[in-house]
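Residue strings, one per chain:
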Amino acid sequence: MKWKVRVHLATVASFLEIFLACMLAIALSICAIQLIPSIFGLAVSSDHIEPFHEYLESLFVLVIGTEALKMLCKHTPGSALEVLLFTIAREMVVKETSPVENLIVVISIGVIFAIRKYLYVPAFGSEGDESPFETSRRSLRGWRKRGQPEPPAAPAGPQTVIPAAGVMPADDEITAELDAAAVAAGAAARQG
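Overview of the structure.

Cut-offs applied
- Residues numbered from 1 in each chain as written.
- Predicted model: local features only at pLDDT ≥ 70, side-chain atom pairs only at ≥ 80, totals over all residues.
- Heavy atoms only, no water.
- Axes fitted to C-alpha atoms, helices over the stretch in contact; angles between N-to-C directions.
- Helix = DSSP H or I, 4+ residues; strand = E, 2+ residues; numbered from the N terminus.
- Parallel < 35°, antiparallel > 145°, perpendicular 65-115°, else oblique.
- Left-handed = near helix turned anticlockwise from the far one by under 90°.
- Contact = heavy atoms within 4.5 Å.
- Nonpolar A, V, L, I, M, F, W, Y, C, P; charged D, E, K, R; others polar.
- Buried < 20%, exposed > 50% of the residue type's maximum accessible area, 1.4 Å probe, protein only.
- Expected span 1.5 Å × (residues − 1).
- Salt bridge = Lys/Arg side-chain N within 4 Å of Asp/Glu carboxyl O.

**Description of the packing of helix α1 (residues 2–44) against helix α2 (residues 49–74)**
At a minimum axis separation of 10 Å, α1 and α2 run at an interaxial angle of 160°. One finds that α1 runs roughly antiparallel with respect to α2. Note on packing geometry: the crossing formed by α1 with α2 is left-handed. Residues Glu17, Ala21, Leu24, Ala25, Leu28, Cys31, Ala32, Leu35, Ser38, Ile39 and Leu42 of α1 form the contact with α2, whose own contacting residues are Pro51, Phe52, Tyr55, Ser58, Leu59, Leu62, Gly65, Thr66, Ala68, Leu69 and Leu72. Per-class residue counts for the contact of α1 with α2 are 17 nonpolar, four polar and one charged.

Printed below as a string of structure tokens:
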């Protein structure tokens, strides 16, 4: 009996979360549309600093709202850290703060980056939280598996040696494919 109640409560919580995310998306859209005329107000204003300050504050609130929407949708530790990062950055950029407060904000941002780099466990994240390097490596590995044609073969000639890295290993499939593509592009550039 307890188990069924917990399952039903979890389902209700999921639907409520989706509903709140939809409401947040609608509110963000309305606020973003209302910011468009404010841009033209900046052009005709005699005092450019105060209207720009208000515009920047409104824009940061929308950015934080967008990050909160992403956090509701993705459920990853990385998205929660991004919301914290933008919220802390907004305090420093928009508000007039003392040097001590600026130092605290900079230290806070550094702590968030340290958490992201050293304490973030990839198993908790999703594919969307991986670095662009990992995404590109995975797409190169899957390139052959999808039935795509092979890249053009490199012309016979001396092997490219990169001084910092040494001779590229022949058994590394990705490096060999990239090397062949680079040699072919270089040969085409020399001919054309």
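**A few points about unusual backbone geometry**
For His75, which is not a glycine, the phi torsion comes out positive at approximately 55°. Mapped onto the secondary structure, His75 falls in the loop between α2 and α3 (77–94). Overall, the relative accessible area of 52% leaves His75 in the exposed class.

**Observations regarding α3**
With 18 residues, α3 should cover 26 Å at 1.5 Å per step; its first-to-last C-alpha distance of 26 Å lies within 8% of that length. Among the residues of α3, those classed as buried are Gly78, Ser79, Leu81, Val83, Leu85, Ala89, Arg90 and Val94. Along its buried surface, α3 packs onto α2 and α4 (99–119).

**Structural notes on α2**
Counted at 1.5 Å a residue, the expected span for α2 with its 26 residues is 38 Å, and the 37 Å between its end C-alpha atoms agrees. Within the sequence span of α2, burial applies to Tyr55, Leu56, Phe60, Leu62, Ile64, Gly65, Glu67 and Leu69. Taken together, the buried residues of α2 touch α1 and α3. Where α2 ends, the next residue or the one after it, His75, has phi of about 55°, a positive value.

**What about the pattern of salt bridges?**
Taken as a whole, this structure holds four salt bridges when the rule is applied. Where Arg90 meets Glu57, a salt bridge forms, and the shortest distance between an N and an O atom there is 3.4 Å. Here Glu57 lies in helix α2 and Arg90 lies in helix α3, a separation of 33 residues in the sequence. Relative accessible area serves as the criterion here: at 28%, Glu57 is assigned to the partly exposed category.

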